[in-house]
Amino acid sequence: MKLRSRHINFSLLVITLLLSNAIYSQKQQDSLTQYYKLSKADSLPIPIRLEYINSFLKGAYSSQQDSLIYIGLMRKTRLLGQVKQYDSAIIYTRQLYDLAIEKKDTLYVQKALLKFGIYHKKSNQLATSFKYHTERFKLSKITKDTITLGRSLLDMANIQTSLGDFSGSKTTAIDGVRYLEKTADLRNLAGLYHIISVANKESKRYDEARRYNERALALGKDSFSINTIGIKNILIFKNTKALILAAEGQYQEAIRLLKTLESDTILQQDKNEYARVLSNLGHLQWVDGKENKYSEKLLLKGLALRNEINDVGGLMSSNIHLTRYYFEKDRSKALKYAEAAYKNAKIRGDLVFIIKALGYIFKLKENVSKEAIVYDQIHHKLQEINQKNREIYAVTKYENEKLTNKNVILTKEKDKLTDQAWIISLLLVVSMTGVGYYYYRQQIYKKRFIQLLGKDENKNTIKTSAIYKTGVSSSISEEALEHLLTQLQQFEDQKGYLTPNINAKDLAKSFGSNSSYLSIVINTYKQKSISQYINDLRIGFAIDKLQSDATFRKYTIKAIAKDVGFNSSEIFAKKFYKNTGIYPSYFIKKLEM
């Protein structure tokens, strides 16, 4: 009886403990839920909401629930971004990224890369932001996430536009369109069309600018699509349409469109866009007629509105417009607004506008030695950033010219050698027996053998330093090209070509690309098909190893063929002869002599 009583007491104790833990866990879960809800309450000040999300994260880390940690870090970084604490947002994004990497969670790795890109851009670190968006693009290629691919390219193109690299932004945006044009992502597709339109306007290709602007506007064909794209974006597209018309000299039509926007009650509620329209309208009226009495009023009204809402980016444009307006009328006022634009541009870290503002200051101010130093530094910095994205072009051009010249010389030498061989062969056929012909063939083989020993061992490799080649830009973006070149270099360095049964589709898939892109790159840089490129690398490897490894020379031709990736000795011998003009057996025999 006593033993039985003890068992009952122990069981009651266990049940009590389990119930207590369950009650505690439920209370903790309820507390976390409440913390998270309060962190999302827009009615509360953000500092208070940050305190709630900190309490939520403390509980999430304590309970070691990854799903809770993820959503807590996502919420915290968002709140930090809203109060413009971008450095702190980047620190907590790093925690999100590290956790996602540790748990191999691709979705949250992508989310973290997006946040890195956003917060670095907000803190004016455009080159770093571009790098993170590129990483997100590469990851999306692997996961075949079409929507994210297009959105990443939109973010990258926006940064290129901010840096004044309109040619680069157009190429990137066109690539993005290919991913999104058959999807329901109207908002981002419209954004890509808009970037292409702006890029064409800046390069004075006004027909193309209008065509893509019309495409962007045409996507908003009904109330649903307009809401999807965003009314604000539609208004931006219309504003851009007016600027395109003005650039073509159609000032009256552009002014009519801007006046229509100015009177739009929906636009008037958005102070940013309303100020943009006022400033552009005042500027175009002045351009159309220098004595227009309404221009100054509109320009100053736009400036005042932008000061009210502290729109630093808008203030740069307003101050530049006023600088131009007063340039001939009142140079002291013009200088005041040019210096204000310069100040705004420095606050924003906008290199393009810093250079633009300094350009006016140089014309309006006598002693500009200090500004000249800054201008030189910023100009070089901007060139360096854009060059970093585009250095692939110059290197490839140089390599291509070298390769072309080299091929011309080789072709002439080959033609000369062919002519000599034809004459010798003819004489041999006429004057000598079959033994003589055999001796001639041996001499040819010997000459080819000597030539083979002296050939550049790196002739087949694709250099990752050799970059963007004319003709590729219409098919592949800079980032996609750079990614493929890097993958190909790794493929060569790691001797991936020795793997048997490689096909173009599987190879492209392993690179996170497709066989069409891979074929274009290899054809452009090596003037070869994918299979020819792989076979040439295998033959090059076989030649090098046969020269350096005496043991390898003892293998049968079949074993050698298998070692370098061929399925049969016949195919190996055929490809070896095609590349070198001699058979592998002869090459080995001469090496052993």
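Since the structure is predicted, the reported quantities are computational estimates derived from the model, not experimental observations.

Caption draft 1: Representation of the overall build of the protein chain in the model. Looking only at helices and strands, the protein chain has 28 helices and zero strands in total. A burial count over the protein chain gives 44% of its 593 residues as buried. Put simply, of all contacts in the protein chain between residues at least 6 apart along the chain, 59% involve residues at least 24 apart. Surface summary for the protein chain: the accessible area is close to 32,500 Å², and the carbon and sulfur share equals 53%.

Caption draft 2: Spotlight on the confidence of the model for the protein chain. Mean pLDDT over the protein chain: 80, with 77% of residues reaching 70 or higher. Here residues 422–437 is modelled with pLDDT under 50, and outside its nearest four sequence neighbours on either side it reaches five contacts, counting other chains as well. Counted against residues more than four places away or in other chains, residues 463–471, with its pLDDT under 50, gives 34 contacts.

Caption draft 3: Quick peek at helix α24 (residues 515–526). In this model, α24 (twelve residues) spans 16 Å end to end at C-alpha, consistent with the 16 Å of a helix rising 1.5 Å per residue. Turning to α24, its buried residues number three or more, namely Tyr-517, Leu-518, Val-521, Ile-522, Thr-524, Tyr-525 and Lys-526. Seen along its axis, α24 keeps its buried residues to an arc of 165°; they face one direction. Regarding α24, its N-cap is Asn-514, as a side-chain oxygen of that residue lies 2.8 Å from the backbone nitrogen of Tyr-517 further along. Just beyond α24, the residue with positive phi is Gln-527, at close to 55°.

Caption draft 4: Layout of the pattern of salt bridges. Inspection of every chain in the model, using the stated rule, returns 16 salt bridges. Arg-49 is the salt-bridge partner of Asp-42, the closest N and O atoms lying 3.4 Å from each other. Given the relative accessible area of 5%, Arg-49 is considered buried. With a shortest N-O distance of 3.9 Å, Glu-102 and Lys-103 are connected by a salt bridge. Overall, the relative accessible area of 40% leaves Lys-103 in the partly exposed class. Among the charged side chains, a network of salt bridges with common partners joins Asp-66, Glu-102 and Lys-103.

Caption draft 5: Quick peek at the nonpolar core. Counting 46 residues, the largest nonpolar core has Phe-491, Leu-518, Val-564 and Phe-572 as the members making the most contacts within it. Per-element tally for this core: the top contributor is helix α25 (residues 530–548), with nine residues. In contact with Leu-518, not counting residues within four places along its chain, are Leu-484, Leu-488, Ala-504, Leu-507, Ala-508, Phe-511 and Ile-530. Judged by nonpolar contacts, the second largest core, of 28 residues, contains Tyr-36, Leu-96, Leu-99 and Tyr-132.

Caption draft 6: Spotlight on helix α17 (residues 312–326). Over its 15 residues, α17 runs 21 Å from end to end, which matches the ideal 21 Å to within 8%, given 1.5 Å per residue. Most of α17 is tucked away: 13 of the 15 residues are buried.

Caption draft 7: Looking closely at the packing of aromatic side chains. The full count for this structure, using the stated rule, is 20 aromatic pairs. With a centroid separation of 5.9 Å and an interplanar angle of 65°, the aromatic rings of Tyr-97 and Phe-116 are classed as edge-to-face. In this pair, Tyr-97 sits in helix α4 (residues 86–102) while Phe-116 sits in helix α5 (residues 106–122), placing the two residues 19 residues apart along the sequence. Note on Phe-327 and Tyr-360: the rings are 6.4 Å apart at their centroids and 65° apart in plane angle, and the pair reads as edge-to-face. Here Phe-327, found in the loop between α17 and α18 (331–348), pairs with Tyr-360, found in helix α19 (residues 351–364); they are 33 residues apart in sequence, far enough to count as distant. Here Phe-327 matches Tyr-360 in class, with each residue buried. In textbook terms, an aromatic cluster arises when at least three aromatic residues are bridged by ring pairs, as seen for Trp-286, Tyr-325, Tyr-326 and Tyr-337. Lying across the ring of Tyr-212, Arg-215 places its NZ or CZ 4.8 Å from the centre.

Caption draft 8: Just the environment of Gln-547, in detail. Among the structural elements, Gln-547 can be located in helix α25. Of the residues examined, Gln-547 reaches a relative accessible area of 32% and is grouped as partly exposed.

Caption draft 9: Spotlight on the side chain of Ser-513. Mapped onto the elements of the fold, Ser-513 is located in the loop between α23 (504–510) and α24. Leaving out residues up to four positions away in the same chain, Ser-513 has contacts with Lys-141, Leu-484 and Ala-508.

Caption draft 10: Summary view of the packing of helix α2 (residues 46–63) against helix α3 (residues 66–82). As a packed pair, α2 and α3 sit with axes 9 Å apart at the nearest point and diverge in direction by 160°. By the angle between their axes, α2 is roughly antiparallel relative to α3. Remark: the crossing between α2 and α3 carries left-handed chirality. Across from Ile-46, Arg-49, Leu-50, Ile-53, Asn-54, Phe-56, Leu-57, Ala-60, Tyr-61 and Ser-63 in α2, the residues of α3 making contact are Leu-68, Ile-69, Ile-71, Gly-72, Leu-73, Arg-75, Lys-76, Leu-79, Leu-80 and Gln-82. Its residues assigned to classes, the contact of α2 with α3 shows 13 nonpolar, four polar and three charged.

Caption draft 11: Up close: the environment of Gln-487. For Gln-487, the position within the fold is in helix α22 (residues 478–493). C-alpha separation for the pair Gln-487 and Ala-508, spaced 21 residues apart in sequence, amounts to 9.6 Å.

Caption draft 12: Representation of the packing of helix α6 (residues 126–143) against helix α7 (residues 146–162) in the model. Between α6 and α7, the least distance of the axes is 9 Å, while the angle of their chain directions is 160°. Compared by their axis directions, α6 and α7 come out roughly antiparallel. Our pair here, α6 against α7, has a crossing hand that is left-handed. On the side of α6, the interface is formed by Leu-126, Ser-129, Phe-130, His-133, Thr-134, Arg-136, Phe-137, Ser-140 and Lys-141, while α7 contributes Thr-148, Leu-149, Arg-151, Ser-152, Leu-153, Asp-155, Met-156, Ile-159, Gln-160 and Ser-162. Of the residues contributing to the contact of α6 with α7, the split by class is seven nonpolar, eight polar and four charged.

Caption draft 13: Representation of the side chain of Asp-536 in the model. Relative to the assigned elements, Asp-536 resides in helix α25. In terms of polar contacts, Asp-536 uses its side chain to reach the side chain of Asn-579, at 2.9 Å.

Caption draft 14: Layout of unusual backbone geometry. One non-glycine residue, Lys-144, adopts positive backbone phi at about 60°. Tracing the backbone through its elements, the reader meets Lys-144 in the loop between α6 and α7. Lys-144 gets classed as exposed once you look at its relative accessible area, which sits at 59%.

Reading the values: rules and limits
Residues numbered from 1 in each chain as written. Predicted model: local features only at pLDDT ≥ 70, side-chain atom pairs only at ≥ 80, totals over all residues. Heavy atoms only, no water. Helix = DSSP H or I, 4+ residues; strand = E, 2+ residues; numbered from the N terminus. Buried < 20%, exposed > 50% of the residue type's maximum accessible area, 1.4 Å probe, protein only. Contact = heavy atoms within 4.5 Å. Areas by Shrake-Rupley, 256 points an atom, 1.4 Å probe, with all protein chains shown as cover. pLDDT = per-residue confidence, 0-100. Expected span 1.5 Å × (residues − 1). Arc of directions from axis to C-beta. Polar contact = N/O pair within 3.5 Å; in protein donor to acceptor, adjacent residues only side chain to side chain. Salt bridge = Lys/Arg side-chain N within 4 Å of Asp/Glu carboxyl O. Core = buried A, V, L, I, M, F, W, Y, C linked by side-chain atoms within 4.5 Å. Phe/Tyr/Trp six-rings, centres within 6.5 Å; stacked < 30°, edge-to-face > 60°. Lys NZ or Arg CZ within 6 Å of the ring centre and 35° of its normal. Axes fitted to C-alpha atoms, helices over the stretch in contact; angles between N-to-C directions. Parallel < 35°, antiparallel > 145°, perpendicular 65-115°, else oblique. Left-handed = near helix turned anticlockwise from the far one by under 90°. Nonpolar A, V, L, I, M, F, W, Y, C, P; charged D, E, K, R; others polar.

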